[in-house]
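# Close look at the chain arrangement
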Amino acid sequence: MPLKSYLFTALALFAITFSACKKKGAIEPKPEEEGLKVALENVAEGQYTAAPGSSYTFQVKINSVMPAAGVNIKVDAITDPGGIVFPQNPVAPSKDSVINITLVGLERLRTVKVTVTITSAGNENNKITKTFWITNKSDG
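Here is a short report on the structure shown in this document.

Strand order in the open sheet made by the four strands is β2-β7-β6-β4, with mixed pairing throughout. Looking at strand neighbours, the two that pair on one side only are β2 (48–51) and β4 (71–79), the edges of this open sheet. Ignoring which end each strand starts from, the neighbouring axes of this sheet average 30° apart.

Structure representation (structure tokens):
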């Protein structure tokens, strides 16, 4: 008979253990952001653009759903060839679908490779990079 009492005790402990570990509400994963889709306007992406002076304004147009936290934009301008960096003004984080960017310090008859990196402010893995070249074609 002692086997029945041990079996009853073991089953009672087993039942208490599993009832205490009751499954809590499932954790819902965050909804994924749509991958960024971006176009540059007023420049020829991946090609050469002529600037009429030492500054030039173009637009970054977000064609995908705007991330909830907005986007951050970084602009790098480096002479090509030569590798001389032309510092650019920082671009403020934005939730607008069209963002104006003005390149500054473009030297006459010098070609600059411009790299624009657009990153979701809420997900650094959601980013896209666009490149074009620009030359200041002013007369003086």
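It is worth spelling out the pattern of salt bridges at this point. Going through the model one piece at a time under the given rule, you end up with five salt bridges. Close ionic contact of Glu-45 with Lys-130 constitutes a salt bridge, the shortest N to O distance being 3.0 Å. Taken together, the residues Glu-45 in the loop between β1 (38–41) and β2 and Lys-130 in strand β7 (residues 127–136) connect sequence positions 85 residues apart. A relative accessible area of 31% places Glu-45 in the partly exposed class.

This part covers the side chain of Gln-88. Among the structural elements, Gln-88 can be located in the loop between β4 and β5 (98–103). The exposure class of Gln-88 is buried, given its relative accessible area of 15%. Reaching out from Gln-88, the side chain makes a polar contact with the backbone oxygen of Phe-86 at a distance of 3.1 Å. Of note is the side chain of Gln-88, whose polar atom sits 2.9 Å from the backbone nitrogen of Val-104. In contact with Gln-88, other than residues within four places in its own chain, are Val-75, Ala-77, Thr-102, Leu-103 and Val-104.

Cut-offs applied
Residues numbered from 1 in each chain as written. Predicted model: local features only at pLDDT ≥ 70, side-chain atom pairs only at ≥ 80, totals over all residues. Heavy atoms only, no water. Pairing = 2+ DSSP bridges. Helix = DSSP H or I, 4+ residues; strand = E, 2+ residues; numbered from the N terminus. Axes fitted to C-alpha atoms, helices over the stretch in contact; angles between N-to-C directions. Salt bridge = Lys/Arg side-chain N within 4 Å of Asp/Glu carboxyl O. Buried < 20%, exposed > 50% of the residue type's maximum accessible area, 1.4 Å probe, protein only. Polar contact = N/O pair within 3.5 Å; in protein donor to acceptor, adjacent residues only side chain to side chain. Contact = heavy atoms within 4.5 Å.

By themselves, these are just geometric observations and shouldn't be taken as functional.
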